[in-house]
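Chain residues, written in single-letter form:
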Amino acid sequence: MAKVTRDDVARLAGTSTAVVSYVINNGPRPVAPATRERVLAAIKELGYRPDRVAQAMASRKTELIGLIVPDARQPFFGEMAHAVEQAAAERGKMVLVGNSDYVAEREVHYLRAFLGMRVSGLILVSHALNDNAAAEIEAWDARVVLLHERPEAIDDVAVVTDDLGGAQLAVRHLLEHGSEYVACMGGIAETPLVGDPVSDHVEGWRRAMQEAGIPTEGRLFEAPYNRYDAYEIALELLAGPDRPPAIFCSTDDQAIGVLRAARELRIDVPGELAVAGFDDVKEAALTDPPLTTVATDRTGMARAAVDLVLDDGLRVAGSRRERVKLFPSRLVARRSCGCE
């Protein structure tokens, strides 16, 4: 069977191939409703399928959005990627996902690959964007939106949540339950990173402790962001002589590891140890006990990132660019802190 072409559709609809293109691509020129219906009917009758590769070559862009995340295996990033995919589908786009695994070279690899494929835009969740990656974005003059994190190396539009304020809410709540002090499970960076959510979580913990007149020295513990390494670190911490009465974890995944360690050591949560996390991943409501955490509006953030990366408003908002779109965070109190 011969391949159905755009010429075949135009002949059956009694119009030009240009008009067929306008209908398929929703522009750039308007098409009368009656003519549009004839074209769509012809497409359906003939079973015509547009050649997306040819369209991309002609327009020098695709119907794709590139999304780079540190690790989609982690619940937060997996849920964020799904939210971006849903928001993109609402705009008729598909999403390509690359995992950087917190490795700068791999992040640059995906940047080059996605930009070379002429994606319509790039949404970047970067732990610590380096100068090479920033230069790559600059060279391609790419449409980029930073999501969840805002690295110092690139000055571009960002969609973030109130990480610092959310951390303060969680730590204040733990202290209100009567904990003498709150320890913090932070990240693994030796120095704070500007625009990094975990650095903001640690700073929020520090400020809440200082507000209460409680020292923080010796109460910050480094840990990778995943539950498995956090579990190993928590086993050692909780089995030691200076077990904290409460722990604020920079991610829910870390907190899930802490809860597992406490259960193995037969430490009652929240009776002997109060625990709070950050992110409100879906699993947080199903832990034993259910995890107190800080919720972020991932659906709203994902939709804002997709809208920004696809709309002309990304470049200009009035006479000045809108640099940062900040979403509020909120405390979700469950039983791990002592709430009923």
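Here we summarise the structure given alongside this text. Keep in mind it's a predicted model, so treat the numbers as computed, not measured.

**Looking at the packing of helix 10 (residues 227–239) against helix 11 (residues 252–264)**
Step number 1: Two numbers describe how helix 10 lies on helix 11: the axes approach to 7 Å, and their chain directions differ by 45°. The pairing of helix 10 with helix 11 is recorded here as oblique in orientation. Here the hand of the crossing between helix 10 and helix 11 comes out right-handed. The residues of helix 11 that touch helix 10, namely those facing Arg227, Ala230, Tyr231, Ala234, Leu235 and Leu238, are Asp253, Gln254, Ile256, Gly257, Val258, Arg260, Ala261, Ala262 and Glu264.

**A closer look at the side chain of histidine 148**
Step number 1: Mapping histidine 148 onto the fold places it in the loop between strand 4 (144–147) and strand 5 (158–161).
Step number 2: Contacts of histidine 148, omitting those with residues within four sequence positions, involve Phe76, Phe77, Val125, Val159, Val160, Asp163, Pro197 and Met301.

**What to know about the pairing of strand 4**
Step number 1: Both faces of strand 4 are covered, namely the face carrying Val144 and Leu146 and the face carrying Val145 and Leu147.
Step number 2: As defined by bridge partners, strand 3 (residues 121–124) adjoins strand 4 across three bridges and the pair is classed as parallel. When the bridges of strand 4 are listed, leucine 122 appears paired with valine 144.
Step number 3: Of the strand pairs in this sheet, strand 4 and strand 5 are connected by two bridges, and their pairing is parallel. Note on strand 5: the bridge partner recorded for leucine 146 is alanine 158.

**Describing helix 9 (residues 197–211)**
Step number 1: For helix 9, spanning 15 residues, the distance from its first C-alpha to its last is 21 Å, which sits close to the expected 21 Å at 1.5 Å a residue.
Step number 2: Within helix 9 the residues assigned to the buried category are Pro197, Val198, Ser199, His201, Val202, Gly204, Trp205, Ala208 and Met209.
Step number 3: At its buried positions, helix 9 is contacted by helix 8 (163–176), strand 6 (183–186), strand 7 (220–222) and strand 8 (246–249).

**Regarding the sheet that holds strand 1 (residues 64–69)**
Step number 1: Reading across the sheet, the six strands line up as 2-1-3-4-5-11 and stay open at both edges, with parallel pairing between neighbours. Taken across any chain shown, the strands that pair with only one partner, and hence form the sheet edges, are strand 2 (94–99) and strand 11 (324–327). With direction set aside, neighbouring strand axes in the sheet form an average angle of 20°.

**Comments concerning the sheet that holds strand 8**
Step number 1: Here we have four strands laid out as an open sheet, ordered 7-6-8-9, and parallel in their pairing. Every other strand in the sheet has two partners, leaving strand 7 and strand 9 (274–276) as the edge strands with one partner each. On average, each strand axis in the sheet is tilted by 20° relative to the strand beside it, whichever way the strands run.
Step number 2: The pairing of strand 8 with strand 9 spans three bridges and is classified as parallel. Paired with phenylalanine 248 across the two strands is alanine 276, which belongs to strand 9.
Step number 3: Each of strand 8 and strand 9 is contacted by helix 8, which is oriented at about 170° to strand 8, the strand it contacts most.
Step number 4: Sitting on the sheet, helix 10 is in contact with strand 6, strand 7 and strand 8, with an inclination near 155° to strand 6.

Criteria and cut-off values
- Residues numbered from 1 in each chain as written.
- Predicted model: local features only at pLDDT ≥ 70, side-chain atom pairs only at ≥ 80, totals over all residues.
- Heavy atoms only, no water.
- Axes fitted to C-alpha atoms, helices over the stretch in contact; angles between N-to-C directions.
- Helix = DSSP H or I, 4+ residues; strand = E, 2+ residues; numbered from the N terminus.
- Parallel < 35°, antiparallel > 145°, perpendicular 65-115°, else oblique.
- Left-handed = near helix turned anticlockwise from the far one by under 90°.
- Contact = heavy atoms within 4.5 Å.
- Buried < 20%, exposed > 50% of the residue type's maximum accessible area, 1.4 Å probe, protein only.
- Pairing = 2+ DSSP bridges.
- Expected span 1.5 Å × (residues − 1).

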